[in-house]
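Observations on chain architecture
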Amino acid sequence: MKARLPLLVGVTGGIGSGKSTVCAMLAEMGCELFEADRIAKELQVEDPEVIRGIEKLFGPDVYSRDASSKLLIDRKAIASIVFSEPEKLAVLNRLIHPKVREAFVNEVKRCAREGKRILCKEAAILFEAGADRDLDRIIVVAANDGLRLARAVARGLDREEARKRMQAQWPQEKLIERAHYVIFNDGTLDELRSQVEQVYQSLLTVVE
């Protein structure tokens, strides 16, 4: 008997929206979680083809090694370039996104084999990468721009750098237009959890 695929749910939102917090809550409630952005970061220091492509695009100086010879990448330097030069960001995405998608396909297969019901894919640029075409439902996490900016700065980003990243992403209104569910993260954690619980219960009705 062919394994039944899990419900594939995308979770996205602009920088500082709180999508990682929402995904952590969904995982606590029983969803499987695929962190596309984390996988992309791992590829940049582990996949030889990606490493060669990044060196060609940005120069070998973006890489270094620590005392134990572990490969390190200067993400801040790359970010300062790609969020000012959209064409380089496009090249970087074309290099990484097919490999992230391959990893996601493998995760879908694992979830199907193990009978998992819901697999959430967390991705900052879900629509921009065309990844929404592979998914059954989309959750957009939203918050007002001032709060998002403050959260990004609190995480260590320079204010101007955070603004550049916000401007490089799709406008929040455009994301909301294409969402099946919208979670507004402008209040307390308890208020956020209540919204996440409602969305989770709605997802369960789809798979049951």
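Residues numbered from 1 in each chain as written. Predicted model: local features only at pLDDT ≥ 70, side-chain atom pairs only at ≥ 80, totals over all residues. Heavy atoms only, no water.

1. Section: the overall build of the chain
Per the secondary structure count, the chain includes nine helices and seven strands. For 208 residues, the compact-globule estimate of 2.2 N^0.38 gives 17 Å, and the chain sits close to it at 18 Å. If one aligns the C-alpha atoms of the chain with their principal axes, the spans along those axes are about 50 × 45 × 30 Å. Relative to its full complement of 208 residues, the chain shows a buried share of 45%. Counting every atom, the chain has about 11300 Å² of accessible surface; 50% of that belongs to carbon and sulfur. Positive and negative side-chain charges in the chain, numbering 33 and 33 respectively, have mean positions lying 3 Å apart. (Helix = DSSP H or I, 4+ residues; strand = E, 2+ residues; numbered from the N terminus. Rg over C-alpha atoms; globule rule 2.2 N^0.38 Å. Buried < 20%, exposed > 50% of the residue type's maximum accessible area, 1.4 Å probe, protein only. Areas by Shrake-Rupley, 256 points an atom, 1.4 Å probe, with all protein chains shown as cover. Lys, Arg positive; Asp, Glu negative; His and termini not counted. Charge placed at Lys NZ, Arg CZ, Asp CG, Glu CD.)

2. Points about the pairing of strand β1 (residues 7–12)
By the criterion of burial, β1 is predominantly enclosed, with six of the six residues buried. Judged from the five bridges that link them, β1 and strand β5 (residues 118–122) form a sheet pairing that is parallel. Within β5, the residue paired with leucine 8 across the bridge is leucine 119. Taken together, the four bridges between β1 and strand β6 (residues 137–142) define a ladder with parallel strand orientation. In the sheet register, valine 11 faces β6, and the bridge partner there is isoleucine 139. (Pairing = 2+ DSSP bridges.)

3. Concerning helix α6 (residues 145–154)
Three- or four-residue spacings in an α-helix give side chains the same orientation, since the helix completes a turn every 3.6 residues. Those residues of α6 lying buried are Arg148, Leu149 and Ala152. In a view along the axis of α6, the buried residues occupy a sector of 100°, so they form one face of it. Tucked into the core, α6 has its buried residues touching α7 (159–168) and α8 (172–177). In this structure asparagine 144 caps α6, since a side-chain oxygen of it lies 3.1 Å from the backbone nitrogen of glycine 146. Glycine 156, located one to two residues past α6, shows a positive phi value of around 110°. (Arc of directions from axis to C-beta. Contact = heavy atoms within 4.5 Å. Polar contact = N/O pair within 3.5 Å; in protein donor to acceptor, adjacent residues only side chain to side chain.)

4. Quick notes on the pairing of β5
For β5, the tally of buried residues reaches five of five residues, placing the bulk of the element in the interior. Of the two faces of β5, the one lined by Ile118, Cys120 and Glu122 and the one lined by Leu119 and Lys121 are each fully buried. As defined by bridge partners, strand β2 (residues 32–35) adjoins β5 across four bridges and the pair is classed as parallel. Bridge pairing in β5 links leucine 33 to cysteine 120.

5. As for the packing of aromatic side chains
By the definition in use, this model includes two aromatic pairs. Seen from their ring centres, phenylalanine 127 and tryptophan 170 are 5.5 Å apart, and the 5° between their planes marks the pair as stacked. A residue pair is termed long-range when its members are at least 10 positions apart, and phenylalanine 127 in the loop between β5 and β6 and tryptophan 170 in the loop between α7 and α8 qualify at 43 residues. The residues phenylalanine 127 and tryptophan 170 share a single accessibility class, namely buried. Lying over the aromatic face of tryptophan 170, lysine 174 brings its terminal NZ or CZ to 3.9 Å of the ring centre. (Phe/Tyr/Trp six-rings, centres within 6.5 Å; stacked < 30°, edge-to-face > 60°. Lys NZ or Arg CZ within 6 Å of the ring centre and 35° of its normal.)

6. What about the packing of helix α2 (residues 36–46) against helix α3 (residues 48–58)?
Following both chains from N to C, one finds α2 and α3 inclined at 80°, their axes separated by 6 Å at the closest point. Comparing the axis directions of α2 and α3 gives the class roughly perpendicular. Of the residues in α3, those in contact with Leu43, Gln44, Val45 and Glu46 of α2 are Pro48, Val50, Ile51 and Ile54. Looking at the contact of α2 with α3 residue by residue, the class counts come to six nonpolar, one polar and one charged. (Axes fitted to C-alpha atoms, helices over the stretch in contact; angles between N-to-C directions. Parallel < 35°, antiparallel > 145°, perpendicular 65-115°, else oblique. Nonpolar A, V, L, I, M, F, W, Y, C, P; charged D, E, K, R; others polar.)

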